[in-house]
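Take a look at the letters that make up each chain.
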Amino acid sequence: MRQSPDRQQERERGARDTAPPSFERGMMDLMPSLRRYARSLSRSDADGEDLLQDSLERALVKRSQWAGGSLKAWAFSIMTNLYRNDTARATRRRTAPLDEAHDVPATLSPPGDPLEQRRLAAAIDSLAPDFRAVLMLVVVESMTYREVASLLQIPEGTVMSRLARARAQIARFLEADNVIPMRRSE
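Okay, so let's go over this structure. As the structure is a computational prediction, the values presented were derived from the model and not from experiment.

Here the focus is helix α5 (residues 114–125). Taking 1.5 Å per residue as the helical rise, α5 with its twelve residues ought to reach 16 Å, and the 16 Å between its terminal C-alpha atoms agrees with that figure. For α5, the full list of buried residues reads Arg119, Ala123 and Ile124. The arc that holds the buried residues of α5, viewed along the axis, is 135°, so those residues lie on one side. Tucked into the core, α5 has its buried residues touching α6 (129–140) and α8 (156–176).

Structure follows, in structure tokens:
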């Protein structure tokens, strides 16, 4: 029995709609999250972009090793491992940082109170890398404790503990810096 062309097109369209997204499309969809995570790990826009590029390159090269599970967890694992390896390599190498460039134009501040944004950024940057990674994955990337535990290869209880400690440290940091001394006029 032959189907009508309209019915056959409808079945083909339905099959395409339920087909899994391509690997490349999935990676493209993850780029904003990966960029935020890379920036939070490296604490630098430039280093974050480098980490993002290295992670994307590694993911594309190692594509055949993806077992078809959560592409998000797999990509974040690659980035986390690259960051850890680079950090370990850098501490063995011990290089001196370059002086800050004074003639580089300043970037525009995102909307909101710039002072509060700087204070929050400083509070997050003051966290230990393990605490900062957990905080960013749970709070910013909305990952579950189980996903973070799997990604970082630590127990779920450790994820919860690090998150609680990170939040407490940020609160203490912001409280301590919340008093602005006033100058007395004479």
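A few words on the side chain of Ser42. You can see Ser42 is positioned in helix α2 (residues 23–42). On the accessibility criterion, Ser42 (19% relative accessible area) is buried. Within the structure, the side chain of Ser42 is placed 2.9 Å from the backbone oxygen of Ala38, a separation counted as a polar contact. In this structure the side chain of Ser42 is engaged in a polar contact, spanning 3.1 Å, whose partner is the backbone nitrogen of Gly48. Once residues lying within four places of it in the same chain are set aside, the contact partners of Ser42 are Asp47, Gly48 and Tyr83.

Attention shifts here to the nonpolar core. Core analysis: the biggest nonpolar cluster contains 40 residues, and Met27, Leu34, Tyr37, Met79, Leu137, Val148 and Leu152 have the highest contact counts within it. Contributions of two or more residues to this core are made by α2, α3 (45–61), α4 (71–93), α5, α6, α7 (145–152) and α8. For Leu152, the residues in contact, after removing those within four places along its chain, are Tyr37, Thr80, Arg84, Val134 and Leu137.

The rules behind each value
Residues numbered from 1 in each chain as written. Predicted model: local features only at pLDDT ≥ 70, side-chain atom pairs only at ≥ 80, totals over all residues. Heavy atoms only, no water. Helix = DSSP H or I, 4+ residues; strand = E, 2+ residues; numbered from the N terminus. Expected span 1.5 Å × (residues − 1). Buried < 20%, exposed > 50% of the residue type's maximum accessible area, 1.4 Å probe, protein only. Arc of directions from axis to C-beta. Contact = heavy atoms within 4.5 Å. Polar contact = N/O pair within 3.5 Å; in protein donor to acceptor, adjacent residues only side chain to side chain. Core = buried A, V, L, I, M, F, W, Y, C linked by side-chain atoms within 4.5 Å.

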